[in-house]
Each structure stands twice: as structure tokens, then as C-alpha cells.
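Chains, contacts and geometry: an overview
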Amino acid sequence: MSASPSSSSCHGCPVAALPVGAHHRVVGLVGPPNSGKSTLFNRLTGLRQKVANYPGVTVEERRGRARLDGDTEVVLIDLPGVYSLTPRSEDERVTRDVLAGEMAGQQRPDAILLILDSTNLKRHLVLAAPVLALGLPTLVVLNMADELESRGGSVDPAALAEQLGAPVALVSASKGDGIETVLDFLNGAVGVPRALDLPTLADVPKCRQWAVRVGDGAGYAAPAPPVWTRRLDAVFLHPVAGPIVFLAVVVAVFQTIFSAARPVMDLVDAGVRASGAWVGSLLPASALRSLLVEGIWGGVGSVLVFLPQILILFLFIGLLEDSGYLARAALIADRTMRKAGLQGKSFLPLLSAYACAVPAVLASRTIENKRDRIATILIAPFMTCSARLPVYTLIIAAFIPERPLVGPFLGTRAAAMLGLYVLGFLAAFGTARLLKSSVLKSDGSPFLLEMPPYRRPTLRQVLLRMYDRSKIFLRRAGTVILGVAVVLWVLAHLPLSAGQMPQVSNSVAGTLGRALEPLVRPLGFDWKIAIGLVTSLAAREVIVGTLGTLYGMDHAAGTAGLQAALRHDLTPGGAVALLVFFAFAMQCLSTVAVVRRETNGWRWPAVQFAYMTLLAYSGALVANRVVTLLLG
Amino acid sequence: MRIVLNKSDRRAGLPAPETLADLLAGESGVLTDMDLPEPDARRLMELGFLPGSVIVAARSAPGGDPRVYRVEGTEFALRGETAKHIRLDASSVVRAAEEGR
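Worth saying up front: this structure is predicted, and the values here are computed from it rather than measured.

1. Things to note about helix H22 (residues 542–550) of chain A
- Three or more residues of H22(A) are buried, namely A:Val542, A:Ile543, A:Thr546, A:Leu547, A:Gly548 and A:Leu550.
- Of the surrounding secondary structure, the elements contacted by the buried residues of H22(A) are helix H17 (388–399), helix H21 (527–535) and helix H23 (560–569) of chain A.

This is the structure:
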């Protein structure tokens, strides 16, 4: 029997139409990780999908609609990948609860697509026992049929259907071969699984023996080992070449999200400004115009400007994950990350955080272990993101004279900048150690990383991922950031006096800044800096513009005047304190919004914000005292 | 005969392998039992780490930890701290084919 994608109806099993009620039929996609479940989901639904979190947990719920013959549609749920239905991890609990109809607010699926990797059939068949035991109409999809064939393996779907008492389809989700059988199943003609003599589900060795027997009965011939994977691993996991390739990948990702995204981000920024100016020119000067242009347009712009970085980062993540290299990179990084109490998979999000914490938090999705994922999310904003650079540049230029430090290679200013990067890294490292030895202490479950064979990433998959990540970001984070931007605008532009908007210093934000002055005085800050700290809650770099406004500087006048004004108002101790404050503080509502979304609640972002602000305050206090003491 | 010599050369000075963590790259052994909490042992069994299975030690991260282990054609990376709790039948340990490294 050749392994060419073909289908088989289940000989001898009863065929019944799916109940067509008032509601859309719901079909759950179940399968082990790396079975190509999401590829099939994307193949069937295309862009007709939405991603949300299951209520109360951080597990992602992906739903989509597949269009069938006529105008009928069926709702597909891409359930978290599981090795078994024993509820051990949060993912497995969600999958089990949804399938058992015990997930609140979630209708029990009417049918199941069980997706198994045909190149790993004997191991993956173990999952068939508990899934078939649920008694729901099930189509067993043997995926990666093309790879099975090219590596010389084979299986007889008809014989397997006979063994399992359920219909079997041999498909290649990435190529689209054999998809018709899946569509036929979704269209309604389905076999209700015959009652099988299933093994005791609690007894893993028995399940395993059952799977082997079923596989043998279906004439399963395992494919030859993946030759190319062995060859590539000989390079990528080579004791010397491996780390070099790893570093090259790290540098390429870092360089691209850090600098190559810059021109695109500037372009987006310019576009937002230009369209804002155009809208502004259509309206008479009024509070409404200011709200629209500075508040809403500015707020939306502050979100849109991250989009290029997010797209580029998810292009990389897509390529790395789909090709199989991400697992190797996680393996290489594990030893280093372990020193911080984390694991290999944390490295990519933390690397991305050097560009921006927002995509980094989104990237933490690749970490299955919940505690490690939350710890990674919590420390990501300590990494020196690009929004800190305008602040660092301004203060360093104002207070640190440029002198060569190590010959022509390192000047004092570059050294100061480097020091701030190190400071952020140390804060992240220390916080990770603290978290992982207390509230987020590992549950002791072993580090287990599947090494999938290398595969060629498909454009379709990568683009779909970029599309749905950016959609999530724009919609969810966008709404919160927009709201906050409007609130901050109101704070900075009210109360009206005689129908006129006040100077920033007389606004609610200004009053708040003055009220805060006693609090920040020990750090060496005056009321102007305090206002800047309030407005920069929206985004760190906002403080530069605010200070410019407060000192009466026009944006166009450049920063030379602002530097002089700062030197006049800030002591060197206060300047260092300000740098330290920005290194530690979570002055970024985009990040707060994204952390709220990704952790599904206000608890973690609140803890994170409080912790980082406290650390920033005490760090700045110490810095001010020490520098003043040293220089005094 | 040559294979046996190779094996003893490689293992010179090393104690007989008792757990997965003792395997050198390219060696294989038959799993006997696991000294791990029940849920962890169960998870590993679901992945194919069953008593009687032949496990091949493959490549590793620089420094040898974590290491990739191959079982029934699939590869999983485990840390040494886990691998040292997975016991082998010492008499079953052999050098696998060179390709298997």
C-alpha cells in the first residue's frame, strides 16, 4: 500500500449525518504538539479565524469557520496540543474540559478531528484511545503524508479505519493533499465510532501496546530516519559551529528588529503625523481638534508605530519555529537561562525585549510552561527597549562629557549607555531569580523539549501568524492604549480657563506633577521632571517632548537648548537618578495593556507595575545619594 | 571485536552507565525504570520512555546538558537532572551506528 494521500471511508461502521440544529456545528481539532494541527486549522479556515483566551486561563482559544458546500459553515476549534487527556498542564485541562463539555461558556464539540503525525504514528496513536473513548464522531487525520512517503514509510488507511472503528484520512495539511476527505467529514457524512476494546486509559504501557498492535494491524511501516535533520543537527548542534550559528541568528534577529525596523517605524510615524496634521487642518482650532489630533491620533500613532517591529519579529518567530530551529536554539540557550531560573524557551522573548517589550510579551506564547512564561513576561520590560534610548541619549548628552575611555574604542558616553543596558539586564536576572525561587517556583515538572525534524516553513503559515498576532495587538492593546491616551490628553489639557486650554504646567497633569514634587524631591527631581514622569506613563520617550514643552522649547529647536535647561535644573545626582529610574520603571502603558491581555487579568500587570516602580524609586534614591556624596 | 574495543576505549575510566545521564553521545541502552514522581514518569512514558524501550543518546547543547535522546524515531531533549533518574540495564548499553550520533 503506497502512502499517497488517499482516503477511506470506514468499512462496516455506521454512517450517520451530524445533527444539524439551529446552532453552527462545532468541531474540535485535537492532536499532539507538532502534529500539524494548526496547519490543518489554517488550511481549513484561512483568515476566518479569531484568537482569544479561554475564560480564566492564559490558554489561547483559536476558533475559525470553514465554509462547506452550499452556504453551510462549521465552527472549528483548534484545541491546545496535548500528548494525552490526563489533565496535568493547563493546556491539557482546557482540551479535556472542552471535549468533555465541561468548559464553562463553551459548547461541547459535535465532532472531532483527531490529527496525528503519520511519520510518528505509533507514538501518536496513543492519543487515539482516550479521544475515541469520548464517543463523539471522529475523523482520524493522518497528517504529513507527503513526508511519510518521501521517507519510505507507508500505512493502509482503510485497514487503520477498520482497526479503530473510525474513518481515517491520509492528508498533507501543508500541501493541501487529501483535504477533500476532511471536508466530506465536516459536510456531515460521518461514522460514529464503533465501541472498541480500548485499553485501560490509566495504564500507559498497555495503551502503548494497544497503539503498536493497531499500527501493525494497519500495515504501518515507520519511515526512515530524517536524513536531512541529522545532517543539519550535525552543524546546528555541533559543539563549536552550533553556538556560532546560534549567535549569528541572535545578532540577525536583534539587528533586524532593532535597526531595520527603524525606517519603517519612522515611516509609520510620519504617516500618522501627516494624516493628523491634515485632519487638524480641516478643523478650526478648538479643544476638539486638539483631542482628535494630539489625543486620539497621537494615541493611535503610538500603537501603530510598534506594528513594523511586531510584524518583523513574528516573521522571524514563524521562520524559526516552523523550520524547527527554535527548538535547537532553546536547547543551546537552556544552560544560560537556567542560571536565572528560567529555561531555553525564554531566550527569544527576552531578546526581542531589547527592541520592545510589547512584541516580547506576545512572543512568550512559545513557552508552554505557565510559570516560566509569566516569569518571562514579568522580567521582559527590564530589558533596555528602544523607547528608553531618546531619554538616555538626552540625559547622557547633557551631563556626561565625551571623553575617550578605552582608547578610541569606547567613549564615556557609550560606556554610560552600555552600563544602562547592563543595569537593565541585572535587574531582569535578579528579578527572575527572585520570582523563580518564590511565587513562580518551578512545579518540578521536568524540562522536556521535543526536537521536531527540520521542515521548510510555508509562506502561508508564516503570513497567517503575522496577521493574527498583529490583529490581536491592534485590537486588544489598541483599545486600552487609546483609552489611556485620551485620559492623559484630558489630564494635560484641562481644566479650561476662560474657554482656553491651560499651559501643561497649569493642567491637571501639571498640578499632579507639583503635588508629586515632595515625593520625588529626594531623588533630585523637581516638579517639571515629576510632570514628565506622569506623562511618560504613556510611553517613556514622551518625557522628552513634555520637558521640551515645559521649558518652552519648540520641537524644531533641537535638544541643545533642552540639554542646557536640564543642566540648570538637575544636579548630577538627579541626572543619574533619572537614568536609573528609567532603567527600572515600567513607564509604558502599551506593555501594561499587553501583559494584562496575555496573563488574562490585572493581577500580574499590577504586581509588575508596582514592583518596577518601587525598584525604580529606591534605585533612583540610592543613585542620587551616592552620586551627590561622591561629587560633594 | 573492533566495536567492543572502541567501546572500552571510549569508556576507559568511566563507571558503567546506570542511567540515561551516563550515556555518551551515540550510545544506546534499554530503559528499566524511572525514579521520578508519578505524573512526570507518566508523561515520559506517553512520549515513549517505557521500560524495555531502546533509548539512543544523540547530540547535546554545548557542555553536554541538556541532551537530545531518541526513542522510536522521535527526539526529545532532557536535562541531566531528569536523565539521571531514568535507569538503564547496564548490560544493554552499546555504541549505536555512527550515523546515530
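Next, the rest of the story.
2. Some remarks on the interface of chain A and chain B
- Taken together, the contact pairs 30 residues of chain A with 26 residues of chain B.
- Elements that contribute at least two residues to the side of chain A that touches chain B include exactly helix H3 (121–124), helix H8 (204–217), helix H9 (227–236), helix H10 (241–282), helix H13 (325–338) and strand S13 (448–451) of chain A.
- Partitioned by chemical class, the residues of the side of chain A that touches chain B number 16 nonpolar, five polar and nine charged.
- Pairing analysis gives four bridges linking S13(A) to strand S4 (residues 74–78) of chain B, with the strands arranged antiparallel. Within the sheet, the bridge partner assigned to A:Glu450 lies in S4(B) and is B:Phe76.

3. Quick notes on unusual backbone geometry
- Across the junction of B:Asp65 and B:Pro66, the peptide omega takes the value -5°, indicating a cis bond.
- Here A:Asn600, not a glycine, exhibits a phi torsion of approximately 60°, which is positive.
- Along the chain, A:Asn600 falls in the loop between helix H25 (589–599) and helix H26 (603–631).
- Judged by the 16 C-beta atoms lying within 10 Å of it, A:Asn600 is partly exposed.
- Residue B:Glu72 is not a glycine yet carries a positive backbone phi of 50°.

4. What to know about the confidence of the model for chain B
All names here are of chain B.
- The pLDDT averaged across chain B works out to 84; a share of 82% of its residues lies at or above 70.
- Taken as a whole, residues 1–8 scores under 50 in pLDDT and shows three contacts with residues more than four places along the chain or in a different chain.
- For this predicted complex, the interface confidence reaches an ipTM of 0.87, while the overall pTM sits at 0.81.

5. Describing the environment of A:Thr412
All names here are of chain A.
- For threonine 412, the position within the fold is in helix H18 (residues 412–436).
- For threonine 412 and glutamate 402, which are 10 residues apart along the polypeptide, the C-alpha to C-alpha distance reads 5.6 Å.
- Filtering out sequence-adjacent residues up to four positions away, threonine 412 remains in contact with Ile400, Pro401, Glu402, Arg403 and Leu405.

Parameters at a glance
Residues numbered from 1 in each chain as written. Chains lettered and ligands numbered in written order. Predicted model: local features only at pLDDT ≥ 70, side-chain atom pairs only at ≥ 80, totals over all residues. Buried ≥ 20, exposed ≤ 12 C-beta atoms within 10 Å, placed from the backbone. Helix = DSSP H or I, 4+ residues; strand = E, 2+ residues; numbered from the N terminus. Contact = placed C-beta atoms within 7 Å. Nonpolar A, V, L, I, M, F, W, Y, C, P; charged D, E, K, R; others polar. Pairing = 2+ DSSP bridges. pLDDT = per-residue confidence, 0-100.

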